[in-house]
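Chains, contacts and geometry: an overview
Chain by chain, the residues run as shown.
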Number of protein chains: 2
Amino acid sequence: MKKRTYNCGLDAAVDVVGGKWKALILWALHREALRFGELKRSVSGISEKMLIQQLREMESYGLVHREVHHQVPPKVEYSLTEFGQSLNTALIPLGDWGEKHMETIEAIPRTR
Amino acid sequence: MKKRTYNCGLDAAVDVVGGKWKALILWALHREALRFGELKRSVSGISEKMLIQQLREMESYGLVHREVHHQVPPKVEYSLTEFGQSLNTALIPLGDWGEKHMETIEAIPRTR
DNA sequence: CTCCATGCTTACGAAAAGGTAGGTACCTGA
DNA sequence: TCAGGTACCTACCTTTTCGTAAGCATGGAG
């Protein structure tokens, strides 16, 4: 999110969903609302810091809805807004592509 | 490209197309092969360093084909492989989404 | 002999992203 | 009184990414 104007839709979309985690979080919320801890377990490898940071951003973008249940211990549920769902839908073909070519992708020699 | 195994296709795809530029370069090559200079003009804002760096990576991933015409001044054409085209196709819905919600996206208040 | 266009390459450093580890607050139940 | 579970927050540091600016090689045109 560094620019204000875009040349094409892909540009804008990449800006929204960019980074290492947002797409995966979106994906995890595809089926159902999840609470923080569930989400953390669902998006394997993510740290708490990253998870919250990304959730906050996505909330501010209007992709994710955050619902606090005032209980003890606390319960906070995250779910997709319609906007978030529409983005998720747009990501499906990409996910399918990744799945289809998984082996090829894993076989790519990495320098980094 | 930091991991070797993925939990879902989206994970893998994001790894391949991740970063600020790859999707845009792919997109630019959608219609026709372009030479270095054309590509640079086509992907607005990109520096030569980034463009080459990304092209080299994408070439090594098998997404892009590089063809040198031995002339003076030099002419190098870049085009999509079938693999690259398939990825591009998978990106179309995302591009459409971005286009459709462009105004919303641009209206998001940015902290960074 | 110098300039030009093209397609790179390199060095340097700033900025952003990401990871680690620790701490906080709340009420509950033992 | 005290540990436990949940959802955070914060400081600090490392890694990765990105941008700027400069330079190089080629052969033809002038």
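Scroll up for the structure.
Residues numbered from 1 in each chain as written. Chains lettered and ligands numbered in written order. Predicted model: local features only at pLDDT ≥ 70, side-chain atom pairs only at ≥ 80, totals over all residues. Heavy atoms only, no water.

Remarks on the overall build of chain A
If you tally the helices and strands in chain A, you get 6 helices and 3 strands. Traced from its N-terminal end to its C-terminal end, chain A shows the element sequence α-α-β-α-α-β-β-α-α. Here chain A, with 112 residues, has 45% of them falling under the buried criterion. Of the contacts formed within chain A by residues at least 6 apart in sequence, a portion of 41% connects residues at least 24 apart. Summed over all atoms, the accessible surface of chain A reaches about 6,100 Å², with 49% contributed by carbon and sulfur. Distance between charge centres in chain A, computed from 16 positive and 14 negative side chains, equals 7 Å. (Helix = DSSP H or I, 4+ residues; strand = E, 2+ residues; numbered from the N terminus. Buried < 20%, exposed > 50% of the residue type's maximum accessible area, 1.4 Å probe, protein only. Contact = heavy atoms within 4.5 Å. Areas by Shrake-Rupley, 256 points an atom, 1.4 Å probe, with all protein chains shown as cover. Lys, Arg positive; Asp, Glu negative; His and termini not counted. Charge placed at Lys NZ, Arg CZ, Asp CG, Glu CD.)

Here's the deal with the sheet that holds strand S2 (residues 64–69) of chain B
Across a sheet, strands are paired by hydrogen bonds formed along the backbone, either parallel or antiparallel in direction. Residues and elements named next belong to chain B. Pairing is antiparallel across the open sheet formed by 3 strands, whose spatial order is S1-S3-S2. Both outer strands of the open sheet, strand S1 (34–35) and S2, are each paired with one neighbouring strand and no more. Examined bridge by bridge, S1 and strand S3 (residues 75–80) share 2 bridges and lie antiparallel to one another. When the bridges of S3 are listed, leucine 34 appears paired with tyrosine 78. Helix H4 (residues 48–61) rests against S2 and S3 of the sheet, and its axis sits at about 110° to S2. (Pairing = 2+ DSSP bridges. Axes fitted to C-alpha atoms, helices over the stretch in contact; angles between N-to-C directions.)

Topic: H4(B)
All names here are of chain B. With 14 residues, H4 extends 20 Å from end C-alpha to end C-alpha; this agrees with the ideal 20 Å at 1.5 Å per step. Along H4, the positions that sit buried rather than exposed are Leu51, Gln54, Leu55, Glu57, Met58 and Tyr61. Take H4 and look down its axis: the buried residues cluster within an arc of 165°, on one side only. Looking at the buried side of H4, the elements it contacts are helix H1 (9–17), helix H2 (22–28), helix H3 (36–42), S2, S3 and helix H5 (82–100). Glycine 62 lies just past H4 and shows a positive phi near 85°. (Expected span 1.5 Å × (residues − 1). Arc of directions from axis to C-beta.)

Things to note about the pattern of salt bridges
All names here are of chain A. Under the definition given, this model contains 4 salt bridges over all chains. In this structure, the salt-bridge partner of glutamate 57 is lysine 22, at a minimum N-O distance of 3.1 Å. Residue glutamate 57 is located in helix H4 (residues 48–61), and its partner lysine 22 is located in helix H2 (residues 22–28); the two are separated by 35 residues in the primary sequence. Lysine 22 matches glutamate 57 in its accessibility class, with the two residues each being buried. The salt bridge partner of lysine 40 is glutamate 48, with a shortest N-O separation of 3.3 Å. (Salt bridge = Lys/Arg side-chain N within 4 Å of Asp/Glu carboxyl O.)

Quick look at the relation of the copies chain A and chain B
Turning chain A through 180° and shifting it by 0.0 Å along the axis lays it on chain B, with an RMSD of 0.0 Å. When the rotation and shift are considered jointly, the pair of chain copies conforms to a two-fold rotation axis. A share of 96% of interface residues in chain A that are also interface residues in chain B marks the association as one of identical surfaces. (Least-squares fit on C-alpha atoms with pLDDT ≥ 70 in both.)

Notes on the environment of A:His101
Mapped onto the elements, A:His101 comes out in the loop between helix H5 (82–100) and helix H6 (102–107). Those residues in contact with A:His101, other than ones at most four positions away along the chain, are B:Phe83 and B:Ser86.

Examining the interface of chain A and chain B
Often, the extent of an interface is quoted as the loss of accessible area on bringing the components together. Taken together, the contacts link 46 residues of chain A with 44 residues of chain B. Summed over both sides, the interface between chain A and chain B buries roughly 4,400 Å², with carbon and sulfur atoms accounting for 70% of that surface. Here chain A and chain B share 0 salt bridges between them. At the boundary of chain A with chain B, the tally comes to 4 residue pairs in polar contact (both at pLDDT 80 or more). Put simply, the parts of the chain that give the side of chain A that touches chain B at least two residues each are helix H1 (9–17), H2, H4, H5 and H6 of chain A. Across the side of chain A that touches chain B, the residue classes break down as 23 nonpolar, 11 polar and 12 charged. (Buried area = accessible area lost by both parts, 1.4 Å probe. Polar contact = N/O pair within 3.5 Å; in protein donor to acceptor, adjacent residues only side chain to side chain. Nonpolar A, V, L, I, M, F, W, Y, C, P; charged D, E, K, R; others polar.)

Considerations on the pairing of S3(B)
Residues and elements named next belong to chain B. When S2 meets S3, the two strands line up antiparallel, connected through 6 bridges. Bridged to valine 68 within S3 is valine 76. The antiparallel pairing of S2 with S3 creates a hairpin that spans 5 residues between the two strands.

Digging into the nonpolar core
A general trend in soluble globular proteins is that nonpolar side chains are found buried together. Among the nonpolar cores identified, the biggest contains 74 residues, and A:Ile25 and B:Ile25 are the most heavily contacted of them. When near neighbours in sequence (up to four residues on either side) are disregarded, B:Ile25 contacts B:Leu39, B:Val43, B:Ile46, B:Leu51, B:Gln54, B:Leu55 and B:Met58. (Core = buried A, V, L, I, M, F, W, Y, C linked by side-chain atoms within 4.5 Å.)

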